[in-house]
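Each chain, written out:
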Amino acid sequence: MDMTFDIAATLVAQLQKPTLAFLIGGMMLAALGSKLEVPAPVYKFIVLVLLLKVGLGAGISVREADLVALAVPAIAAALVGVVIVLLGSRTLARTKGVTPMDGMATTGLFGAVSASTLAAGMVMLDAEGIAYEGFIGALYPFMDIAALVTAILLARMCAARAMPATPAGGGTAVMAMGGGENANLVREILTDTLKSPAISALVLGLALGLLGRPEQVYASFYEPLFRGLLSIMMLIMGMEAWLRLGEMRKVAHAYVAYGIAAPFVHGALGFGAGMIAHHLTGFSGGGVVLLAVMAASSSDISGPPTLRAALPEANPGAYVGTSTGIGTPVAILSIPVWIALADWLIGFQ
Amino acid sequence: MDMTFDIAATLVAQLQKPTLAFLIGGMMLAALGSKLEVPAPVYKFIVLVLLLKVGLGAGISVREADLVALAVPAIAAALVGVVIVLLGSRTLARTKGVTPMDGMATTGLFGAVSASTLAAGMVMLDAEGIAYEGFIGALYPFMDIAALVTAILLARMCAARAMPATPAGGGTAVMAMGGGENANLVREILTDTLKSPAISALVLGLALGLLGRPEQVYASFYEPLFRGLLSIMMLIMGMEAWLRLGEMRKVAHAYVAYGIAAPFVHGALGFGAGMIAHHLTGFSGGGVVLLAVMAASSSDISGPPTLRAALPEANPGAYVGTSTGIGTPVAILSIPVWIALADWLIGFQ
Amino acid sequence: MDMTFDIAATLVAQLQKPTLAFLIGGMMLAALGSKLEVPAPVYKFIVLVLLLKVGLGAGISVREADLVALAVPAIAAALVGVVIVLLGSRTLARTKGVTPMDGMATTGLFGAVSASTLAAGMVMLDAEGIAYEGFIGALYPFMDIAALVTAILLARMCAARAMPATPAGGGTAVMAMGGGENANLVREILTDTLKSPAISALVLGLALGLLGRPEQVYASFYEPLFRGLLSIMMLIMGMEAWLRLGEMRKVAHAYVAYGIAAPFVHGALGFGAGMIAHHLTGFSGGGVVLLAVMAASSSDISGPPTLRAALPEANPGAYVGTSTGIGTPVAILSIPVWIALADWLIGFQ
């Protein structure tokens, strides 16, 4: 009862904070038909600065981090990514009316991570004065790549099995080919993910933070701009979310149910994995919250182009609509739940 | 004599300050044929940040403002917008060689408000350490919408009257139709104005400032960037002003005379309305200056697209040229006049 | 021995600093095939802010500078620009397989100055706490224009001489025409250079700093953004440098040798001229380093469009490739050499 009230109170207070206020503001603008727009080149630059900042911050922290402390959450993050996709392949992808290809692409996006949702979670924790490990940004690619690779592999294998009788080859031949292709595919997907602008910026920031000494430019430029640029990005995401919501009306209701339920189920998975790491290695309460946020989030920047390239048969209207239109706002709205839950189970003082 | 000298001294000192210095710099660049340009996407982003900042600041202030104190200047602002357009409909729009449509569009722009000229006035007052009400930004839409709606209504009514004999209807029929159309038109124009990027950003900032708690991101991002981005916007406006000046040579001299005289006449109207509010509710001297600046200014961001959509028959070369090429630089150059006048009549200490 | 060690130690430490770390990071990204990109409009804006900042800072300093102290380095800078091009016209432009037109265009770019390399040098000196004259930015156009004008004049004269027998005129006629054309050409090239976006922004900043009072907006906007925007520009230049490196494989090896050797030879020329100014007028050690950096640098922003317009026959693949692909990274890598050399010869305390 007390907990329910606490969560509700936290949620209401969060709505007034810039991150959610700008997201809701963006949705209102789109709902009212505003012609406001953030030009695409500026949007790309904002994403670049945000991801460089997250990477730089992570790299600087990892440079001084306890590598043993990093190892357990990194393994946990990768496992959560795989489990989310396996879960989706048994639920959404098997729902009537949902093509396996579309279902796997959608669950892949939900397993992947949204850097901006993660950033929103960090800003909320910062505002509350809740500490978390600096290497959290370094966990992102583990979950992201694990989920995308698993989803694309399962979708491709599904498609291979679905092809009933190729000119001169039975099931065994397809399987054998599948085996050879899988190895190539895994390599290709890994490469494509690393080459995507989002992951490139993040990994570059990480490398520069690890090997360079960017502390001064980080403190004088990347840090101060981060909060403000994120407020503008939330505005954009709010407007997009509203527009995609309309697009989703044409798609099966299964996507809507998945888009609403998945952030909570996946967030709980991430929270559980974080709790195990908490007991094993003293992973902080703030870190548990952010692992839950990563798991709850669905990719809106790095994922869609990867999936569009790897699974051209899947309908972007389904996976991008479900993720950006439903998954991302629900995931952002779920952040206070993980904060309240961690406060209740571990306690921040 | 003393006053004339004071105004002259203030004017000279203002020329060295960033706002006017960058405007003049931009004009010099254009005059010398420089190929310098600020790309359109960056320009849109600068406008977005500037208007969000003005809106956020206004919203935060209104949240703690005396609503009675706001009411009187808001009514004054709306009335000034209407009176400016009525004045223009009896002078510019009736000048020989000026089509009524072009004349009304021009006077509508001169009644509407330039957020950047207003911002320039605020920066000049800030630099002088002169206080003004924080809700000033909230007065903008009152004057803006009142002027645009009045101008478009009068222009449309003028066009209806000009149609001599419609197939089967006399003056009464046109009047009746006009009545029905006017109600629709007012609604459409109000909607279009609210949907325009400039007004959207301003109203969004206002709403977020009123209902959210954006104080932190306002202080760490929007405030520090404002002055610098405005200097770049002044550069752009200076270059545009010079280019439009050439375009105006082809247009009737009436526009030139109107463009030079109107900022002073309208500014005096706004100043007078502000003085009444000063005596009624203790409206500050800085506020009186800014009401004069709003009235003196002509819209360069939100107005033109509204007019282009609502009055497609009007020639943008005439109204945009007169406003951006003559009205805006004259209005900015008039700011020190209002400051000196308020200092002389009310006194800043 | 000690000196060699010092230079090596300085070089290694510089590699970890943001300027070089981001440049190398950009090269790595391009080498790995990353799809990261900074949109062109944002890039133009970054260049505008960087050059306005350099100009404003220079203007503010010159306003209080000892004009006699400025005169000697300014003459030295212009002379270095001319000597670099004369040197190139006797070496690269006479190499077998290199067309005189391509050779002169390339040596012109190497005589011109890269504002970003100069900025990188300033940031490195700032980080070391080494002082330099504030008017250094004002030396840029002297060397830049002298080099470009000399190169274009020599290339045009070369082309005129190469035309064996014009319809009805011998060598004297061509010479006479050349004389008349040269005067026009010098005027045109001076005008084109001043009109180019880069030089416009720099000269505008210089004028605003000299005649206006932009100290406040300089300190609150241009200064804080400078270091961060430069880090992003270094990223872009690193990516470009890698891509141009591939392009150069198709071009004569002479360009590669010139691109590697020229920054060191030209830097030494600039360093020598700076040392003379040091002994004549007490020009600072930091100033000597920056004169060497200017001489070592090759133009990547202002030069190419000027050359493309003035010498359309020259192949941009040769001159832009050699300059951006080889000259600029080598020049940036050479900065620590000039710092170490100045420390050894003059000493910073």
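Per an unreviewed UniProt entry, chain A goes by Sodium-dependent bicarbonate transport family permease and derives from Roseicyclus mahoneyensis.

**Q** Which parts of the structure should I look at to understand the overall build of chain A?
**A** Within chain A, the regular secondary structure consists of 14 helices and 0 strands. When the helices and strands of chain A are placed in sequence order, the string is α-α-α-α-α-α-α-α-α-α-α-α-α-α. In chain A, buried positions account for 58% of the 349 residues. Taking the intrachain contacts of chain A between residues at least 6 apart in sequence as the baseline, contacts between residues at least 24 apart amount to 88%. Carbon and sulfur atoms form 67% of the exposed surface of chain A, whose accessible area is close to 13500 Å².

**Q** I'm lost on the relation of the copies chain A and chain C in this one. Help?
**A** In summary, the two copies of the chain are related to each other by a rotation about an axis coupled with a shift along it. In the superposition of chain A on chain C (RMSD 0.0 Å, axial shift 0.0 Å), the rotation amounts to 120°. Both copies are brought into coincidence by an operation consistent with a three-fold rotation axis. Comparing contact sets, just 12% of the residues at the interface of chain A also lie at the interface in chain C, consistent with a heterologous contact between different surfaces.

**Q** How should the packing of aromatic side chains be read in this particular structure?
**A** Any aromatic ring pair is given by two values, namely how distant the centres are and how the planes are angled relative to each other. Taken as a whole, this structure holds 13 aromatic pairs over all chains when the rule is applied. Residues F221 of chain A and Y222 of chain A carry aromatic rings whose centres are separated by 4.9 Å and whose planes lie at 90° to one another, so their mutual orientation is edge-to-face. Assessed through its relative accessible area of 1%, F221 of chain A is described here as buried. Through pairs of rings, three or more aromatic residues link up here, namely F22 of chain A together with F221 and Y222 of chain B. Residue placement shows K53 of chain B over the ring face of F226 of chain B; its charged tip is 4.2 Å from the ring centre.

**Q** Would you mind going over the environment of G59 of chain C with me for this structure?
**A** All names here are of chain C. Its location among the elements puts G59 in helix α3 (residues 40-63). For the pair formed by G59 and V49, sequence separation is 10 residues and the distance between their alpha carbons is 15 Å. Sequence-distant contacts of G59, that is, excluding residues within four places in its chain, are made with L206, G209 and L210.

**Q** What is the right way to read the relation of the copies chain B and chain A from this model?
**A** Under the fitted operation, chain B is carried onto chain A by 0.0 Å of movement along the axis and a turn of 120°, and the coordinates agree to an RMSD of 0.0 Å. Taken as a fraction of all interface residues of chain B, those also at the interface in chain A reach only 12%, which identifies the copy contact as different-surface.

**Q** Help me out: how do you make sense of empty space enclosed by the protein in this one?
**A** One simple way to see leftover space: roll a probe sized like a water molecule over the atoms. One pass over the full model with this rule turns up 6 cavities of 30 Å³ or more. Of the volumes computed, that of the largest cavity is approximately 260 Å³. Along the wall of the largest cavity there are 17 residues; nearest its centre are F45, L225 and L229 of chain A, F45 of chain B together with F45 of chain C. Every element with two or more residues in the lining of the largest cavity is listed here: α3 (40-63) and α10 (215-248) of chain A, α3 (40-63) and α10 (215-248) of chain B together with α3 and α10 (215-248) of chain C. Classifying every residue of the lining of the largest cavity gives 17 nonpolar, no polar and no charged.

**Q** I tried to follow the interface of chain A and chain C on my own but got confused; where do I start?
**A** Interfaces are often sized by the amount of accessible area the parts lose when they come together. Taken together, the 24 residues of chain A in the interface contact 25 residues of chain C. Each partner contributes to the roughly 2100 Å² buried at the junction of chain A and chain C, and carbon and sulfur atoms together form 73% of this total. There are 1 salt bridge connecting chain A and chain C. Two residues, E37 of chain C and K44 of chain A, come together in a salt bridge whose shortest N-O distance is 2.8 Å. Elements with a minimum of two residues in the side of chain A that touches chain C: α3, α9 (197-211) and α10 of chain A. Tallying contributions element by element places α3 of chain A first for the side of chain A that touches chain C, with 8 residues. Of the residues assigned to the side of chain A that touches chain C, the class counts are 17 nonpolar, 4 polar and 3 charged.

**Q** Could you clarify how one ought to interpret the environment of V98 of chain B in this entry?
**A** All names here are of chain B. Positionally, V98 belongs in the loop between α4 (67-90) and α5 (100-111). Expressed as a C-alpha distance, the spacing of V98 and H253, which sit 155 residues apart in the sequence, is 9.7 Å. The contact partners of V98, leaving out residues within four places of it in the chain, are L92, A93, G103, A254 and Y255.

**Q** Where do I start with a nonpolar patch on the surface in this structure?
**A** Together, V83, L87, V265 and L269 of chain A give the surface a local cluster of nonpolar side chains, amounting to about 270 Å² of exposed area. With respect to the helices and strands, the residue L87 of chain A is situated in helix α4 (residues 67-90).

**Q** Explanation requested: the UniProt feature "transmembrane region" (unreviewed entry) in chain A in the structure shown.
**A** Residue and element names in this part refer to chain A. Cross-referencing UniProt, the feature "transmembrane region" (unreviewed entry) maps to residues 20-38, 45-62, 68-89, 101-123, 135-155, 255-277 and 326-346 in the present numbering. The distance separating the terminal C-alpha atoms of residues 45-62 is 25 Å; by composition the span is 100% helix and 0% strand. Across residues 326-346 one finds 95% helix and 0% strand; the C-alpha atoms that close the span lie 30 Å apart.

**Q** Looking at this structure, how should I read α9 of chain A?
**A** Because each turn of an α-helix spans 3.6 residues, side chains separated by three or four positions in sequence point in the same direction. Taking 1.5 Å per residue, 15 residues should reach 21 Å; α9 of chain A reaches 21 Å between its end C-alpha atoms and fits that length. Every buried residue of α9 of chain A is accounted for by A198, I199, S200, A201, L202, L204, G205, L206, L208 and G209 of chain A.

**Q** How should I be thinking about the packing of helix α11 (residues 253-281) of chain C against helix α12 (residues 285-296) of chain C in this particular structure?
**A** A pair of packed helices can be characterised by two numbers: the angle between their axes and the separation between those axes. Residues and elements named next belong to chain C. One can describe the packing of α11 onto α12 by two numbers: an axis separation of 7 Å at closest approach and a directional angle of 150°. The hand of the α11/α12 crossing is right-handed. Contact residues: P263, H266, G267, G270, F271, A273, G274, M275 and H278 in α11; V288, L291, A292, A295 and A296 in α12. Among the residues making up the contact of α11 with α12, the classes are represented as 9 nonpolar, 5 polar and no charged.

**Q** Looking at this structure, I do not really get the interface of chain B and chain A. What am I missing?
**A** Listed per partner, the contact involves 25 residues of chain B and 25 residues of chain A. With both chains or domains summed, chain B and chain A bury close to 2100 Å², and 73% of this area falls on carbon and sulfur atoms. Between chain B and chain A we count 1 salt bridge in total. Linking chain B with chain A are 4 residue pairs in polar contact (both at pLDDT 80 or more). Residue contributions to the side of chain B that touches chain A peak at 8 residues, all from α3 of chain B. Broken down by class, the residue content of the side of chain B that touches chain A amounts to 17 nonpolar, 4 polar and 4 charged.

**Q** Quick question: what am I supposed to make of the packing of α4 of chain B against helix α11 (residues 253-281) of chain B here?
**A** Residues and elements named next belong to chain B. At a minimum axis separation of 10 Å, α4 and α11 run at an interaxial angle of 150°. Put simply, α4 runs roughly antiparallel to α11. In the packing of α4 onto α11, the handedness of the crossing is right-handed. In contact with V72, A76, V80, V83, I84, L87 and G88 of α4, α11 contributes Y258, V265, H266, L269, G270, A273, A277, L280 and T281.

Conventions and cut-offs
Residues numbered from 1 in each chain as written. Chains lettered and ligands numbered in written order. Predicted model: local features only at pLDDT ≥ 70, side-chain atom pairs only at ≥ 80, totals over all residues. Heavy atoms only, no water. Helix = DSSP H or I, 4+ residues; strand = E, 2+ residues; numbered from the N terminus. Buried < 20%, exposed > 50% of the residue type's maximum accessible area, 1.4 Å probe, protein only. Contact = heavy atoms within 4.5 Å. Areas by Shrake-Rupley, 256 points an atom, 1.4 Å probe, with all protein chains shown as cover. Least-squares fit on C-alpha atoms with pLDDT ≥ 70 in both. Phe/Tyr/Trp six-rings, centres within 6.5 Å; stacked < 30°, edge-to-face > 60°. Lys NZ or Arg CZ within 6 Å of the ring centre and 35° of its normal. 1 Å grid on protein atoms, 1.4 Å probe; cavity = no way out; pocket = protein on both sides within 12 Å on 5 of 7 lines; lining within 4 Å. Points joined across faces, edges and corners; volume = space filled by probe spheres on them. Nonpolar A, V, L, I, M, F, W, Y, C, P; charged D, E, K, R; others polar. Buried area = accessible area lost by both parts, 1.4 Å probe. Salt bridge = Lys/Arg side-chain N within 4 Å of Asp/Glu carboxyl O. Patch = residues over 30% accessible without salt bridge, like charges linked within 9 Å, V, L, I, M, F, W, Y side chains within 5 Å. UniProt positions renumbered as here; feature names shortened; annotations may be inferred. Expected span 1.5 Å × (residues − 1). Axes fitted to C-alpha atoms, helices over the stretch in contact; angles between N-to-C directions. Left-handed = near helix turned anticlockwise from the far one by under 90°. Polar contact = N/O pair within 3.5 Å; in protein donor to acceptor, adjacent residues only side chain to side chain. Parallel < 35°, antiparallel > 145°, perpendicular 65-115°, else oblique.

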